[in-house]
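Here's the letter readout for the chains.
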Amino acid sequence: MSFLRYGTRVPCVSEQFLSSISCEKEKAFDVVDANYGGLDSDNCDQTTVQNTDCKAENSLAIVRIMCNEEASCELHADNSVFGHGPCRNVFKCMEVKYKCVNLGSLVSVGKISFSLKNVLGRGCEGTVVYKGKFDGRDAAVKRILPECFTFADREVDLLRESDAHPNVIRYFCTEEDQQFRYIALELCEATLQEYVEDPTFERHGLTPVTVLNQAMSGLAHLHSLNIGKIDR
């Protein structure tokens, strides 16, 4: 069962069922909210669903990890995905509110901007890094879910403490909207993997020994500040 609410599509999947959703061509999911728990039976078309205030706290984070920026997504309403949480002995449903957004659309938050299609990489807990801009200059933009804000604050503190060294990535700024926190960082020309494996990468005379020396210099600087690991 699916319906529209506040201009947002809301599919609802009963417990132990699997449902697939998809966006139109050239569009992808932007998950606004999600709830796996005891919902109003009218929503999930199940008379056995209890109308309770019962919600798995990790619902939104898990669905965003599964679906955000994907053209199609499978919604599996099951305890094996979300855990029992506070909803033991309650027949549950999963409700997901989402929008289909243009992958080429520009996201602007404060001094940070980026396009959803320019993904540089993905991290744990739904973190995504984009190629974007900070105040007009090229930057790597790290988008973080609310569940990881505490870790993000710690990361920013460490970056501010350590980024004066030429071989440590510079921190630019942090912005926030209703869904995410964004950290703008110095954009590197390439990854270490690209340097090692990509024969077309222009090294500009940068030798492997120089790369190793720079990496060790940056690492020694972090260790001098008692920073053993700067990222999760």
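Residues numbered from 1 in each chain as written. Predicted model: local features only at pLDDT ≥ 70, side-chain atom pairs only at ≥ 80, totals over all residues. Heavy atoms only, no water.

In the annotation of an unreviewed UniProt entry, the protein is listed under the name non-specific serine/threonine protein kinase and assigned to Stylophora pistillata.

Colleague: Break down the pattern of salt bridges for me, with residues and values.
Modeller: One pass over the structure, following the stated rule, counts four salt bridges. As a salt-bridge pair, Lys142 and Glu155 come within 3.0 Å of each other at their nearest N and O atoms. Linking Lys142 in strand β11 (residues 137-144) with Glu155 in helix α4 (residues 149-162), this pair joins segments that are 13 residues apart in sequence. Comparing Lys142 with Glu155, the two get one shared label, buried. Residue Arg181 is joined to Asp153 by a salt bridge in which the shortest nitrogen-to-oxygen separation is 2.4 Å. Taken as a pair, Arg181 in strand β13 (residues 181-185) and Asp153 in helix α4 lie far apart in primary sequence, 28 residues in all. Under the relative-accessibility criterion, Arg181 is labelled buried at 12%. By sharing partners, the salt bridges in this structure join Asp153, Glu176 and Arg181 into a single network. (Salt bridge = Lys/Arg side-chain N within 4 Å of Asp/Glu carboxyl O. Helix = DSSP H or I, 4+ residues; strand = E, 2+ residues; numbered from the N terminus. Buried < 20%, exposed > 50% of the residue type's maximum accessible area, 1.4 Å probe, protein only.)

Colleague: Which residues make up α4, and what values do they have?
Modeller: Taking 1.5 Å of rise per residue, 14 residues should cover 20 Å, and α4 covers 20 Å from first to last C-alpha, within 8% of that figure. Against the buried residues of α4 lie β11, β12 (171-176), β13 and α6 (208-224). (Expected span 1.5 Å × (residues − 1). Contact = heavy atoms within 4.5 Å.)

Colleague: Got a sec to walk through the sheet that holds β13? Specific residues and values, please.
Modeller: With antiparallel pairing, six strands are arranged side by side in an open sheet as β8-β9-β10-β11-β13-β12. Unpaired on one side and paired on the other, β8 (106-109) and β12 mark the two borders of the sheet. For this sheet the average axis-to-axis angle between neighbouring strands, irrespective of direction, equals 35°. Looking at chain direction, β12 and β13 are connected through five bridges and run antiparallel. By the bridge assignment for β13, Glu176 is matched with Arg181. Running at roughly 20° to β13, α4 makes contact with β11, β12 and β13 of the sheet. (Pairing = 2+ DSSP bridges. Axes fitted to C-alpha atoms, helices over the stretch in contact; angles between N-to-C directions.)

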